[in-house]
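# An overview of the molecular structure
Chain by chain, the residues run as shown.
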Amino acid sequence: MRPILMLSLLVLLTSSQYALADEVPLNEDAIERGKAIVFARSRGNCLACHAIKGGDLAGNYGPPLLLMKARYPKRADLRSKIWDASVREPTTRMPPYGRHRILTEDEIDLVVDFIHTL
Amino acid sequence: MIGKYVFLAMGLAIVAGCGLQPSRDRSASPTVSFAETYAAAEAALAKAAASRNVWSKTEGLLQQSKIANDEGRKEDAIQLANEARMQAELALTQAISQEKDWQENVLF
Amino acid sequence: MKKSILSLCLIGGIFSVLPAVAGPEEDRLAMVKYYSDRFPDVPMQEFANGLYAFDQSAREQWIEMEDFPPYEIAIDDGQVLFETPFANGKSYADCFDNGGIGVKQDYPYFDADAGEVVTLELAINQCREANGEKALAYMIGELAEIAAYMAYTSRGNEFAIQVPLDSPGAVAAYSAGKQFFYTRRGQLNFACSSCHIQSAGLNLRADRLSTTLGQATHWPVYRSKWGEIGTIQKRFAECNSQVWAKPLEAQSVEYRNLEYFLSYISNGLELNGPASRR
C-alpha cells in the first residue's frame, strides 16, 4: 500500500511541475467556460455548497470561494483538491470530481482556471 | 530502486499529462469490438448491483451506448460503454472500501 | 473540551476493543447531545419539525401553510380506506394492536420470527395479503394515505422503538441501518451523515439541512416539491438520487434497517405526522 501512496504522491508532485511548466496564459474563453461548468446544476453545481462571486442562491455547506490564488498559490494543489479532496482530508464532504469522473479532466482544468481567478 | 520509482512516476506523470488532452480514450483502437466493451460494462455493472451500490447515471450511459451502436456511431458507443464500465468499477470500489471506511464518518 | 477529548479517547478505546458498535441507546444519547450543542436554542421536541426548528423564515411560511394543511385530504382518504372492510369482511383494524389507532410509535419493529424489520407500510401490506388483498405500491398513493391516517391517530405519542439487546437479529438490523447511514454512496460520494450530521443546519443552495434527530417522527409527508404525500422511504430514494446513487427498492432490507435506526434515534420525541415540507 505504502509504495503506491508514495508513488501517487510523486505522480502528483511531478505532474504539478509538469502542469506548471505546461501552463499557458489563461484566456478569457477558458475562464468563461469554466464558470459555466461551475455554475451549471448538472455539472459542477459548486454553488450548492460554496458562495461564489457572480452566483445566486449559494449554499454555505463549504467555505466561500475567495482569495483562491492566495489560498492555493499552486494551481496543481487547487486542481488536486477538486480532483479528490479526500486525499488530504479523509472525512471531507467535497465530491471527488476527478476520481469519480463527475467532470472530465478537461472540464476540471477549465473549472480550475475559473476558480483560480476568484 | 528509488530511481526506478522516480522513473516510473515520471512516466506516469507524462501519461497523466497526456490525459489532460481531449483524447484519453483507450478504446480508440478499431480492433476493440463494441460487443466486448459492452459486455465488460454489463459485467461490471452486475458486480456493482450485487454490492447494492449502482450510480444513477451508469445504466443510462449503457443505454446511450446501445443506441449509439444501433445508429452506427461505433466510437461513441464504445466510449459510452467504457465510461459506464469505469463508473460501475468505481461504484464497486466505493462499496468495498466503505464496508470498512464507513466508521471514519462516525464522529461521535 | 478536555473532557470531550477524553471521552473521544474513551470511545475510541471502546471501538478498538469492540469494533462492532456502541449500543443503540448510547448512539441516541450521543446524537441528542450533538444536536443540543449544535443548536442550543432549539427545544428538544422542535427537532421533530426538521429545518423549521431553526430556519425562521421557512418556519413562518410553514406555519402559514399549516392553516390549510396540504396533507388533510390524505388523512380523510386514508381513514375511508382504513375503515373500508376487505372482501372477506375483515379490516385493517383486525391486524393491529388497538385496532390500528395510535400505534405508529411502535413502528418499525423487529419481527424475530421472520428475522426482519417490519415498517408500518410493510405491516399494512402484510395485513392486506393475509386477507386476500393485493399489496399496494409503496412510497405514494393509497398506502401513503392509510399510513397518513394511522400517523394522525398517533400524533402526540412518544416514539418508542424497541431494539431488544437480547435479540441478536434486532441488534444486527439496527447496526446495519446505522452502517448504511454512515456509508458513502453514489457518484457524489456522500453518506447520509455527511449532510445530516456534519452539515445539519447548513445550506445546500437555499435549503437548510435537517437534523437526524427528529427525521423519522413526521411521516408520511406532503412535500411541495412532490405535490403529493409520500412515505419516508420515498425520501430515502430521493436522497440517494441527490447524491447520484440509484435508489434501492422501497422496503428493501437496507431501507427498512435504515428506517429502524433513524426511528430509534428519534425515540422520546412526539410523533407529529403527517406533516408538510417544502
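Let us look at the overall build of chain A. Counting its secondary structure elements, chain A contains five helices and zero strands. Walking chain A from its N terminus toward its C terminus, one meets helices and strands in the order α-α-α-α-α. The buried share among the 118 residues of chain A stands at 43%. Taking the contacts inside chain A whose residues are at least 6 apart along the sequence as the reference set, 48% of them involve residues at least 24 apart. Element-wise, carbon and sulfur atoms account for 61% of the exposed surface of chain A, whose accessible area totals about 6,600 Å².

As a further point, take the interface of chain A and chain C. Listed per partner, the contact involves 23 residues of chain A and 17 residues of chain C. Summing the contributions of chain A and of chain C, the shared interface buries around 1,600 Å²; its carbon and sulfur component is 49%. Taken together, the connections running from chain A to chain C amount to 11 residue pairs in polar contact (both at pLDDT 80 or more).

Residues and elements named next belong to chain C. Within helix 3 (residues 56-65) the residues assigned to the buried category are Ala58, Arg59 and Trp62. For helix 3, the angular spread of buried residues about the axis comes to 100°, placing them on one side. Exposed and oriented more than 90 degrees from the buried face of helix 3 are Gln61 and Glu64. Where the residues of helix 3 are buried, they touch strand 7 (275-277).

Residues and elements named next belong to chain B. The terminal C-alpha atoms of helix 3 (residues 58-70), which comprises 13 residues, lie 19 Å apart, in line with the 18 Å expected from a rise of 1.5 Å per residue. Residues Thr58, Leu61, Leu62, Ser65 and Ala68 constitute the buried set of helix 3. Buried residues of helix 3, seen end-on, are gathered within an arc of 120° and therefore sit on one face of the element. Seen from the open side of helix 3, the exposed residues pointing more than 90 degrees away from its buried face are Gln63 and Asp70. Buried residues in helix 3 make contact with helix 2 (34-50) and helix 4 (74-101). Remark: Gly72 follows helix 3 within two positions and exhibits a positive phi of approximately 85°.

Let's shift gears to the packing of helix 2 (residues 24-38) of chain C against helix 10 (residues 253-265) of chain C. Residues and elements named next belong to chain C. Running from N to C, helix 2 and helix 10 cross one another at 60°; their axes reach a closest spacing of 9 Å. When the axes of helix 2 and helix 10 are compared, the pair comes out oblique. The handedness of the crossing between helix 2 and helix 10 is right-handed. Here Pro24, Glu25, Asp27, Arg28 and Met31 of helix 2 lie close against helix 10, whose contacting residues are Phe261, Tyr264 and Ile265. Its residues assigned to classes, the contact of helix 2 with helix 10 comprises five nonpolar, no polar and three charged.

Turning our eyes to something else, we now look at the confidence of the model for chain A. Summary statistics for chain A give a mean pLDDT of 85 and a share of 78% for residues scoring 70 or more. For the stretch residues 9-22 of chain A, pLDDT sits under 50, and the model shows 12 contacts to residues farther than four places along the chain or on other chains.

This brings us to the pattern of salt bridges. Under the counting rule described, the total for this entry stands at 25 salt bridges over all chains. Across the salt bridge formed by Arg33(A) and Asp29(A), the nearest N and O atoms sit 3.5 Å from each other. Separated by four residues within a single helix, Arg33(A) and Asp29(A) lie in helix 2 (residues 28-39), roughly one turn from each other. Its relative accessible area of 46% is what places Asp29(A) among the partly exposed residues. For the salt bridge of Arg85(B) with Glu89(B), the shortest nitrogen-to-oxygen distance reads 3.2 Å. One end of the pair, Arg85(B), and the other, Glu89(B), are both in helix 4, four residues apart, so they sit about a helical turn from each other. Its relative accessible area of 13% is what places Arg85(B) among the buried residues. Overall, Glu89(B) belongs to the partly exposed group, its relative accessible area being 36%.

With that settled, consider the side chain of Glu46(C). Residues and elements named next belong to chain C. Mapping Glu46 onto the fold places it in the loop between helix 2 and helix 3. By relative accessible area, Glu46 is classed as buried at 19%. The contacts of Glu46, once residues within four sequence positions are left out, are Tyr52, Ala53 and Arg59.

Topologically, Lys246(C) is positioned in the loop between helix 9 (232-242) and helix 10. A sequence separation of 59 residues divides Lys246(C) from Gln187(C), and the C-alpha atoms of the two residues are 9.7 Å apart. In contact with Lys246(C), other than residues within four places in its own chain, are Val54(B), Trp55(B), Ser56(B) and Glu59(B).

How each quantity is defined
- Residues numbered from 1 in each chain as written.
- Chains lettered and ligands numbered in written order.
- Predicted model: local features only at pLDDT ≥ 70, side-chain atom pairs only at ≥ 80, totals over all residues.
- Heavy atoms only, no water.
- Helix = DSSP H or I, 4+ residues; strand = E, 2+ residues; numbered from the N terminus.
- Buried < 20%, exposed > 50% of the residue type's maximum accessible area, 1.4 Å probe, protein only.
- Contact = heavy atoms within 4.5 Å.
- Areas by Shrake-Rupley, 256 points an atom, 1.4 Å probe, with all protein chains shown as cover.
- Buried area = accessible area lost by both parts, 1.4 Å probe.
- Polar contact = N/O pair within 3.5 Å; in protein donor to acceptor, adjacent residues only side chain to side chain.
- Arc of directions from axis to C-beta.
- Expected span 1.5 Å × (residues − 1).
- Axes fitted to C-alpha atoms, helices over the stretch in contact; angles between N-to-C directions.
- Parallel < 35°, antiparallel > 145°, perpendicular 65-115°, else oblique.
- Left-handed = near helix turned anticlockwise from the far one by under 90°.
- Nonpolar A, V, L, I, M, F, W, Y, C, P; charged D, E, K, R; others polar.
- pLDDT = per-residue confidence, 0-100.
- Salt bridge = Lys/Arg side-chain N within 4 Å of Asp/Glu carboxyl O.

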